[in-house]
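Here are the chains, one letter per residue:
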Amino acid sequence: MPPKSPLETAGSGDDRLDPVLVRSLSEHEAPRGPIVLIGPMAAGKSFLALHLAKFHGYKFVDADQLIVSRHGVISEIFETYGERYFRDLEADTIAEVLGDPEYEGAVFSVGGGAPMTPRVRERLAGHRVVYLRIDAETVAPRIAGNTSRPMLRPDPVARWTEILEQRRETYEALADVVIDASGDRSIADMARELDGAVRGLTGDR
Ligand SMILES: Nc1ncnc2c1ncn2[C@@H]1O[C@H](COP(=O)(O)OP(=O)(O)O)[C@@H](O)[C@H]1O
Ligand SMILES: O=C(O)C1=C[C@@H](OP(=O)(O)O)[C@@H](O)[C@H](O)C1
Ligand SMILES: [Mg+2]
């Protein structure tokens, strides 16, 4: 009779688990932290992450929501302490979430500017990153009356376009998966695509 494969041996009872196979399986399934959503302001990162939590069983965590719950509204942080201070809070918050086993496999939306901080980019290495790509036409009505995003003052659409030009390459370089959100694509449709892509990236979830 041919020798049993490691899988057959492993499947035949705990006392006979092949230690080499067990190690290789656990390496394959090594924790990879949350799935990180990046992309420009008002692309729908937070909305999509929340939808995935509600309808696809993911845990949800949003960097800006954590910052607001601990430090107050973002526009006031910018006004009182400046952008640099906000970026430090943001990078600390992101490092905390990425390092927290509670958020393994969660969907993690981060602010549009987060990937521009070198410390955040370094910290994202090895994580699954999804870039939500969107055009100015789709975003314009969402940001026209902006009051909450200090980076979009004073002319929201012009600033949004200018900022995306500065960030686009960084988003593209970090992305494992790109989801197109242009044309007001339905959030349910994007969520299904993202869920499928995550399963593809991980083998399983
Ligand atoms: N696919 C979509 N269809 C319609 N409205 C959307 C869609 N995605 C986002 N929105 C709306 O756009 C606004 C910005 O979304 P948000 O999730 O806050 O973006 P981000 O976190 O990328 O800045 C919200 O009011 C949200 O309801
Ligand atoms: O792009 C940016 O610099 C910012 C994006 C915002 O988050 P959203 O991308 O979720 O709007 C928020 O972090 C802050 O206003 C700064
Ligand atoms: Mg957001």
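Here the residue index of a chain counts from 1 through its sequence in written order. Labels follow written order: the first chain is A, the first ligand is 1, and so on. In keeping with the model being predicted, local features are shown solely for residues with a pLDDT of at least 70 and side-chain atom pairs are shown and tallied solely at 80 or more, while totals for entire chains, interfaces and linings include all residues. As a convention, hydrogens and water are excluded, and side-chain values are obtained from all of the structure's heavy atoms.

In the annotation of an unreviewed UniProt entry, the protein chain is listed under the name Shikimate kinase and assigned to Rothia santali. UniProt positions are given in the numbering used here, feature names are shortened, and annotations may be inferred rather than shown by experiment. According to UniProt, the comment filed for the protein chain under the heading Catalytic activity (unreviewed entry) is "shikimate + ATP = 3-phosphoshikimate + ADP + H(+)".

Visitor: Which parts of the structure should I look at to understand the site of ligand 1?
Guide: Near ligand 1 you find 14 residues, and of these Ala42, Lys45, Ser46, Phe47 and Arg185 are the closest. Polar contacts, as used here, are pairs of N or O atoms within 3.5 Å; protein pairs need one atom able to donate a hydrogen and one able to accept it. Residues neighboring in sequence count only if both atoms are side-chain atoms. Interatomic distance of 2.9 Å between a backbone N/O atom of Gly44 and an oxygen atom of ligand 1. Within the backbone of Arg185, one N or O atom sits 2.8 Å away from a nitrogen atom of ligand 1. For ligand 1, whose free accessible area comes to 560 Å², the fraction covered by protein is 70%. Only runs of H or I of at least four residues qualify as helices and only runs of E of at least two qualify as strands under DSSP, and these elements are numbered from the N terminus. For the shell around ligand 1, the elements supplying multiple residues, two or more each, are α3 (45–56) and α10 (187–202). At three residues, α3 tops the list of elements feeding residues into the shell around ligand 1. Neighbouring residues are identified by heavy atoms, a residue being near a molecule or strand if any of them is within 4 Å of it. Only the protein chains shown count as cover for residues, and all accessible areas are computed by the Shrake-Rupley method using a 1.4 Å probe.

Visitor: What is the right way to read the UniProt feature "binding site: substrate" (unreviewed entry) in the protein chain from this model?
Guide: Feature annotation in UniProt places "binding site: substrate" (unreviewed entry) on Asp64, Arg87, Gly112 and Arg167, given in this structure's numbering. The topology assignment puts Asp64 in helix α4 (residues 63–71). Looking at where Arg167 falls in the secondary structure, it is placed in helix α9 (residues 156–174). Reaching out from Arg167, the side chain makes a polar contact with the backbone oxygen of Gly112 at a distance of 3.4 Å.

Visitor: Just to check I follow, could you spell out the sheet that holds strand β5 (residues 177–180) for this structure?
Guide: Either a parallel or an antiparallel arrangement is found when strands of a sheet pair, and the pairing is made through backbone hydrogen bonds. Between any two strands, at least two bridges found by DSSP are needed for them to pair. Reading across from one edge, β2-β3-β1-β4-β5 is the order of the five strands in this open sheet, with parallel pairing throughout. Strands at the two margins of the open sheet, each flanked by one partner only, are β2 (60–62) and β5. Across this sheet, the average inter-strand angle for adjacent strands is 25°, counted without regard to direction. By the bridge criterion, four bridges tie strand β4 (residues 128–133) to β5 in an arrangement that is parallel. The residue of β5 that forms the bridge with Tyr131 is Val178. The contact definition used throughout considers only heavy atoms, calling two residues in contact when any of these lie within 4.5 Å. Note on geometry: axes are C-alpha line fits, over the in-contact stretch for helices, and angles between N-to-C directions span 0 to 180 degrees. Here α4 sits on the sheet in contact with β2 and β3 (107–109), set at roughly 65° to β2.

Visitor: Honestly, the site of ligand 2 in this entry has me stumped. Any pointers?
Guide: Ligand 2 sits among 14 residues. The nearest are Lys45, Arg87, Gly112, Arg149 and Arg167. Measuring from an oxygen atom of ligand 2, one finds a side-chain N or O atom of Lys45 at 2.7 Å. When isolated, ligand 2 has an accessible area of 380 Å², and the protein chains bury 95% of it. Per-element accounting of the shell around ligand 2 gives the leading share, three residues, to helix α6 (residues 83–98). Gly is placed with the polar residues, together with every amino acid not listed as nonpolar (Ala, Val, Leu, Ile, Met, Phe, Trp, Tyr, Cys and Pro) or charged (Asp, Glu, Lys and Arg). Residues that form the shell around ligand 2 fall into these classes: five nonpolar, three polar and six charged.

Visitor: What am I meant to see in the pairing of strand β1 (residues 35–38) here?
Guide: Consecutive side chains of a regular strand alternate in pointing toward one face of the sheet and then the other. Burial status follows relative accessibility: with a 1.4 Å probe on protein chains alone, a residue under 20% of its type maximum counts as buried, one over 50% as exposed, and anything between as partly exposed. On β1, burial covers both faces: Ile35 and Leu37 on one face and Val36 and Ile38 on the other are all buried. By the bridge criterion, three bridges tie β1 to β3 in an arrangement that is parallel. Bridging across to β3, Leu37 finds its partner in Ser109.

Visitor: Even after reading the chapter, I still don't get the packing of aromatic side chains, so can you show me in this structure?
Guide: Aromatic contacts are taken between Phe, Tyr and Trp rings whose centres are within 6.5 Å, Trp giving its six-membered ring; a plane angle under 30 degrees counts as stacked, one over 60 as edge-to-face, and the others as tilted. A full pass over the atoms with the stated rule returns three aromatic pairs. Relative to Phe86, the ring of Phe78 lies with its centre 5.0 Å away and its plane at 40°, an arrangement referred to as tilted. Each of the two residues, Phe78 as well as Phe86, counts as buried. Ring centres of Tyr81 and Tyr85 lie 4.4 Å apart, and the angle between their planes is 25°; this geometry places the pair in the stacked category. On the basis of relative accessibility, which here comes to 53%, the residue Tyr81 falls in the exposed class.

Visitor: Please explain the side chain of Ser75 as it appears in this structure.
Guide: Here Ser75 shows up in helix α5 (residues 74–81). Residue classification places Ser75 among the buried residues on the basis of a relative accessible area of 16%. Dropping the residues within four chain positions of it, Ser75 is found in contact with Thr147, Ser148, Pro150 and Arg153.

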